[in-house]
Every structure is written in structure tokens, then in C-alpha cells.
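# Notes for the structure review
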Amino acid sequence: MPGLLRGVARTAVVAGTATAVSNRVSRRQQGRWAQQEYQEAPPRSAPAAPPPPPAPSADDVSGRIDQLKQLGELKAQGVLTEAEFEEQKRRILG
């Protein structure tokens, strides 16, 4: 019986060591492959800038002017504060 227990214990130690070594080798191999893929990958270019907004049409410009006039009137009446007026003006002018 002691010989059997010793054989089982030795097998467990060998199996545990083999598993640990195998896992370490796998991790190192994956790290090397990842590094190779990173080095071989083409460099990323900067993201393209968004296209400029289209030029406003004549109708759009006159609509904006009307909105700005209304804002000016509301500010003159005291309905809008200076900060609110500036914020709305920025929103309209884009």
C-alpha cells in the first residue's frame, strides 16, 4: 500500500509540474504571436476629419437673420439674459 501511495503522489507532482510548464509556454507563445502581429500590422492613420458643413443657401441665410432679429427683440424686451442670447446666437450660427 505505501508503494502505491508513493506512485500516485509522484504522478500527481509530475502532472502538476507538466501542466504549469505547459501553461507558461502557451502564455509566452501567445505573447510572442501578439507582438509579431502588432509589429507586422500597418500603422494606423489618423481618423479623417469630418467634411465641412455645406454652404448655407440664400433661404437658410435669410431664415437665420430672421431668427437673430427675433432673438435681439427678446433680449431688448428683457425676456432673454445676455448669456441666453449669446448661447442661442451660437446655436443659430452653428
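The model shown is predicted, which means the values in this text are computed figures rather than measured ones. (Residues numbered from 1 in each chain as written. Predicted model: local features only at pLDDT ≥ 70, side-chain atom pairs only at ≥ 80, totals over all residues. Heavy atoms only, no water.)

We now examine helix H3 (residues 82–93). The first and last C-alpha atoms of H3 sit 16 Å apart over 12 residues, in line with the 16 Å expected at 1.5 Å per residue. Where H3 ends, the next residue or the one after it, Gly94, has phi of about 75°, a positive value. (Helix = DSSP H or I, 4+ residues; strand = E, 2+ residues; numbered from the N terminus. Expected span 1.5 Å × (residues − 1).)

Applying the stated criterion across every chain, the model contains two salt bridges. A salt bridge links Glu82 to Lys75, with the nearest nitrogen and oxygen atoms 2.6 Å apart. Under the relative-accessibility criterion, Glu82 is labelled partly exposed at 43%. A salt bridge links Lys89 to Glu86, with the nearest nitrogen and oxygen atoms 3.5 Å apart. A residue pair is termed a helical-turn pair when its members lie 3 or 4 positions apart in one helix, as Lys89 and Glu86 do in helix H3 at three residues. We classify Lys89 as partly exposed; its relative accessible area is 26%. (Salt bridge = Lys/Arg side-chain N within 4 Å of Asp/Glu carboxyl O. Buried < 20%, exposed > 50% of the residue type's maximum accessible area, 1.4 Å probe, protein only.)

A word on the confidence of the model for the protein. Confidence along the protein averages 80 in pLDDT terms, with 82% of residues attaining 70 or more. Mean pLDDT across the elements of the protein ranges from a minimum in helix H1 (residues 2–40), with 81, to a maximum in H3, with 88. (pLDDT = per-residue confidence, 0-100.)

This paragraph deals with a positive patch on the surface. A cluster of basic residues, Arg24, Arg27, Arg28 and Arg32, forms a positive patch at the surface. Summarising the element assignment, Arg28 is placed in helix H1. Judged by its relative accessible area of 46%, Arg28 falls in the partly exposed class. (Patch = residues over 30% accessible without salt bridge, like charges linked within 9 Å, V, L, I, M, F, W, Y side chains within 5 Å. Areas by Shrake-Rupley, 256 points an atom, 1.4 Å probe, with all protein chains shown as cover. Lys, Arg positive; Asp, Glu negative; His and termini not counted. Charge placed at Lys NZ, Arg CZ, Asp CG, Glu CD.)

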